[in-house]
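# Chain and residue survey
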Amino acid sequence: MKIATWNVNSIRTRLEQVANWLTENPVDVLCAQETKVVDADFPMAAFTDLGYTCYVSGQKSYNGVALISKTPLESVSCGFEPVLGGAIATPFDDQKRVITGVLDGIRIVNLYVPNGSSVGSDKYTYKLNWLAVLREYLAKLLEENPKLLVCGDFNVALEDRDIHDPTGREKEVMATDAERQALRAILDLGLADAFRKFNQEDGQFSWWDYRAAAFRRNLGWRIDHHYLSPPLYAEAKSCIIDKAPRKLEKPSDHTPVIVEL
DNA sequence: ATGGCGGGTCTAACCCGA
């Protein structure tokens, strides 16, 4: 089974690229983030034409996540509320950042973690609070789903080798100790980075700024991840970053990461 | 860099991303 995560930065603007990529890379499930479209306007036909079923949780202009699956999924839900209840979840479910479903006994969670804007801002606080709620959400899911795959755009680079230049990282959003500790607290539930099972090199990135020719100069960050519970980590066969889509005209600033189980 | 690019939409002295 192959599962990909890709922040597409608008599913409508990127539709042709995503459909072409799926044709050439017919993964079982594509977990997309930043779809930036309300559910009624999601371009489902392009994917049904390829034999895929779409499960979407979107909003106008911002955020939005989708599961695009070759086989229909079971037990699909959106947001934190179905798992955590309204008291904890409601303040966070306005922003559409979470969708999950089950395929062959594997629960797949597709996330778009808040960016955080700048260190010390209200959005930075929101990000840390959101990650704390995510920990509770995943703890509940792990109780019922020993085979858990959590993927998406985490907007956190866990280690210095995941950043082209870690100098001054403590002042930069996505790399502060508080963000890393929030993510580590989640991984301590029993999740491990699929990519690092196979690749220990630095200079391995999944996002490059549109500006300053960052992609050409490989000035990137590795912030898109697949985290696996122990039985899935043990059976994982590969995890690769496909840089090809980032080389196209008008690309997303992220590129797909694919795990094979 | 007082964000250089590129999405979005209230098409702007706009907002947001990462």
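None of these values were measured; they are calculated from a predicted model.

A few words now on the UniProt feature "domain: Endonuclease/exonuclease/phosphatase" (unreviewed entry) in chain A. Residues annotated in UniProt with the feature "domain: Endonuclease/exonuclease/phosphatase" (unreviewed entry) correspond here to residues 4-254. Taken as a whole, residues 4-254 contains 28% helix and 23% strand, while its terminal C-alpha atoms sit 12 Å from one another.

Turning to helix α6 (residues 177-187), a few remarks are in order. Inspection of α6 places E179, R180, A182, L183, I186 and L187 among the buried residues, and these make up the whole buried set. Buried residues in α6, looked at end-on, bunch into an arc of 160°, giving them a common side. Residues of α6 that are buried make contact with α5 (122-144) and β12 (224-228).

In this section: empty space enclosed by the protein. Enumeration over the complete set of coordinates arrives at two cavities of 30 Å³ or more. The calculated volume of the largest cavity comes to roughly 50 Å³. Taken together, the residues of the lining of the largest cavity sort by class into four nonpolar, three polar and three charged. Looking at the second largest cavity, its volume works out to about 40 Å³. Every residue lining the second largest cavity is listed: D193, F195, R222, D224, H225, H226, C239, I241 and V257. Put simply, the parts of the chain that give the lining of the second largest cavity at least two residues each are β12 and β13 (238-241). In terms of residues, the lining of the second largest cavity owes the most to one element, β12, which gives three residues. The class makeup of the residues in the lining of the second largest cavity is four nonpolar, two polar and three charged.

Each aromatic ring pair is summarised here by two numbers: the centre-to-centre distance and the angle between the ring planes. On inspection of all chains with the given rule, the structure shows seven aromatic pairs. Ring geometry for F92 versus Y126: centroids 5.5 Å apart, planes at 40°, classification tilted. Of this pair, F92 sits in helix α4 (residues 86-93) while Y126 sits in helix α5, and the two are 34 residues apart along the sequence. Overall, the relative accessible area of 13% leaves F92 in the buried class.

In this section: the packing of α5 against α6. Packed helices, taken two at a time, are described by their axes: the angle between them and the distance between them. At a minimum axis separation of 9 Å, α5 and α6 run at an interaxial angle of 10°. Taken together, the axes of α5 and α6 lie roughly parallel to each other. Facing α5, whose interface residues are Y124, K127, L128, L131, L134, R135 and L138, α6 presents A178, E179, A182, A185 and I186. Here the contact of α5 with α6 is built from residues that sort into nine nonpolar, no polar and three charged.

Taking the UniProt record as the reference, the feature "site: Important for catalytic activity" (unreviewed entry) is found at D224. Within the secondary structure, D224 is located in strand β12. Relative accessible area serves as the criterion here: at 2%, D224 is assigned to the buried category. Excluding anything up to four places from it in sequence, D224 contacts N7, Q33, G152, D153, S206, W207, H254 and V257.

Turning our attention to the layout of surface pockets. Computed from the structure, the largest pocket encloses a volume of approximately 590 Å³. Forming the boundary of the largest pocket are 28 residues, of which Y112, N115, G116, S117 and N155 lie nearest the centre.

With that out of the way, let us pick up the protein's contact with DNA strand B. In the vicinity of DNA strand B, 25 residues are found, and the nearest of them are T13, E34, N115, R211 and A212. Close to the protein, within 4 Å, the atoms of DNA strand B are drawn from sugar and phosphate at a rate of 70%. One of the side-chain nitrogen or oxygen atoms of K123 is found 3.4 Å away from a sugar or linking oxygen of DNA strand B. Here a phosphate oxygen of DNA strand B and a side-chain polar atom of D153 are 3.2 Å apart. Here the residues of the surface near DNA strand B are counted per class, giving seven nonpolar, eight polar and 10 charged.

Our focus in this paragraph is the pairing of strand β4 (residues 65-69). With respect to burial, β4 is a largely interior element, five of its five residues being buried. Where burial is concerned, the two faces of β4 agree: the one with V65, L67 and S69 and the one with A66 and I68 are both buried. The pairing of strand β2 (residues 29-33) with β4 spans five bridges and is classified as antiparallel. Within β4, the position partnered with A32 by the bridge is A66. Pairing analysis gives five bridges linking strand β3 (residues 53-57) to β4, with the strands arranged antiparallel. By the bridge assignment for β4, V56 is matched with A66.

The rules behind these values
- The written sequence of each chain sets the order in which its residues are numbered from 1.
- Lettering of chains starts at A and numbering of ligands starts at 1, both following the order in which they are written.
- Thresholds applied to this predicted model are a pLDDT of at least 70 for local features of residues and 80 or more for the giving and counting of side-chain atom pairs; totals over whole chains, interfaces and linings are not thresholded and use all residues.
- The basis for every side-chain value is the complete set of heavy atoms in the structure, and neither hydrogens nor water enter the calculation.
- UniProt positions are given in the numbering used here, feature names are shortened, and annotations may be inferred rather than shown by experiment.
- To qualify as a helix, a DSSP run of H or I must reach at least 4 residues; to qualify as a strand, a run of E must reach at least 2; elements of each kind are numbered from the N terminus.
- For each residue, the accessible area found with a 1.4 Å probe, counting protein chains only, is set against the maximum for its type, and the residue is called buried under 20%, exposed over 50%, and partly exposed in between.
- As used here, the arc is the angular range of directions from the helix axis to the C-beta atoms.
- When checking whether two residues touch, look at their non-hydrogen atoms; a contact exists if any pair is within 4.5 Å.
- Only protein atoms enter the 1 Å grid used here, on which a cavity is any set of points holding a 1.4 Å probe that cannot leave and a pocket is any open set flanked by protein within 12 Å on both sides along at least five of seven lines; residues with an atom within 4 Å of a point are listed as lining.
- Grid points are joined across faces, edges and corners, and a volume is the space filled by probe spheres set on the points.
- Any residue that is not Ala, Val, Leu, Ile, Met, Phe, Trp, Tyr, Cys, Pro, Asp, Glu, Lys or Arg is counted as polar, Gly included; the first ten are nonpolar and the last four charged.
- In this analysis, rings of Phe, Tyr and Trp, with Trp reduced to its six-membered ring, are considered paired at centre separations within 6.5 Å, and the interplanar angle assigns stacked below 30 degrees, edge-to-face beyond 60, and tilted for intermediate values.
- As a rule, the C-alpha atoms of each element are fitted with a line to give its axis, helices using only the stretch in contact, and angles between N-to-C directions run from 0 to 180 degrees.
- Orientation labels follow simple angle bins: below 35 degrees gives roughly parallel, above 145 gives roughly antiparallel, 65 to 115 gives roughly perpendicular, and whatever is left gives oblique.
- A molecule or strand has a residue near it when one of that residue's heavy atoms lies within 4 Å.
- Two N or O atoms form a polar contact when they lie within 3.5 Å of each other; inside protein one atom must be a possible hydrogen donor and the other a possible acceptor, and for residues adjacent in sequence the pair counts only when both atoms belong to side chains.
- The criterion for strand pairing is that DSSP finds at least two bridges linking the strands in question.

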